[in-house]
Amino acid sequence: MKPKSIILIVLALIAIGGVVAWAYINKPAEKVENAKALEIRADELTNSYAKDEAAANKMFLNQAIEVTGTIAEISKNQDGKTVVLLESEDPMSGVQCTMRDEAKLETGKQVRIKGFCTGYTMVVLLGDCIVI
């Protein structure tokens, strides 16, 4: 094979790789309302993480979760987003839901919230949340 042919083949492969990488990087993010969600109560979710964080991560991390619970606290984060904390059996834990949009919520009320599980600190973290 001639050296010119090899160079053209390599350049074509690099160009194809670049197009594939660009398409992957720029694909639209999945919206939580379109995702199939696992349904669970807030206390069950926090208990799962408290018992075995690694197993809970395998089951819930980066998954859409529809969680039902009682609102313990409503606040704003540093970005001005509403953050809802759902109660759990453990008073030091709960499910922290960062809401995508403003919603009329009240402390002490039952609510169903859907969001993506992003991890666990002392609380289970859900992001991109909406009220169901």
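Look above for the structure.
Below or above, wherever it landed, is the structure these notes cover.

Rules of the game
Residues numbered from 1 in each chain as written. Predicted model: local features only at pLDDT ≥ 70, side-chain atom pairs only at ≥ 80, totals over all residues. Heavy atoms only, no water. Pairing = 2+ DSSP bridges. Helix = DSSP H or I, 4+ residues; strand = E, 2+ residues; numbered from the N terminus. Phe/Tyr/Trp six-rings, centres within 6.5 Å; stacked < 30°, edge-to-face > 60°. Buried < 20%, exposed > 50% of the residue type's maximum accessible area, 1.4 Å probe, protein only. Expected span 1.5 Å × (residues − 1). Polar contact = N/O pair within 3.5 Å; in protein donor to acceptor, adjacent residues only side chain to side chain. Contact = heavy atoms within 4.5 Å.

**Here we look at the pairing of strand β5 (residues 110-120)**
On a regular strand, each side chain points to the face opposite its neighbour's, so the side chains alternate between the two faces of the sheet. Pairing geometry for strand β2 (residues 64-76) and β5, over 7 bridges, is antiparallel. Following the sheet pairing, Val-67 is matched in β5 by Ile-113. Examined bridge by bridge, β5 and strand β6 (residues 124-131) share 6 bridges and lie antiparallel to one another. What sits directly across from Tyr-120, in β6, is Val-124. Remark: 3 residues form the turn of the hairpin made by β5 and β6, two consecutive strands paired antiparallel.

**Brief notes about the packing of aromatic side chains**
The final tally for this structure, using the stated rule, is 2 aromatic pairs. Both rings, one in Tyr-49 and one in Phe-60, keep their centres 6.2 Å apart while their planes meet at 35°; by these two values the pair is tilted. With Tyr-49 in helix α2 (residues 42-51) and Phe-60 in helix α3 (residues 53-60), the pair connects residues that are 11 residues apart, well separated along the chain. For Tyr-49, a relative accessible area of 2% translates into the label buried. Taken together, the ring pairs connect Tyr-49, Phe-60 and Tyr-120 into an aromatic cluster.

**A closer look at helix α1 (residues 3-25)**
Given a rise of 1.5 Å per residue, 23 residues ought to cover 33 Å, and the 33 Å separating the end C-alpha atoms of α1 matches this to within 8%. Little of α1 sits inside the fold, with 0 of its 23 residues counted as buried.

**A word on the side chain of Asp-43**
Position of Asp-43 relative to the elements: it lies in helix α2. With a relative accessible area of 15%, Asp-43 lands in the buried category. Within the structure, Asp-43 has its side chain in polar contact with the side chain of Arg-41 (distance 3.3 Å). What Asp-43 contacts, discounting residues up to four positions off in sequence, is Glu-87, Ser-88 and Glu-89.

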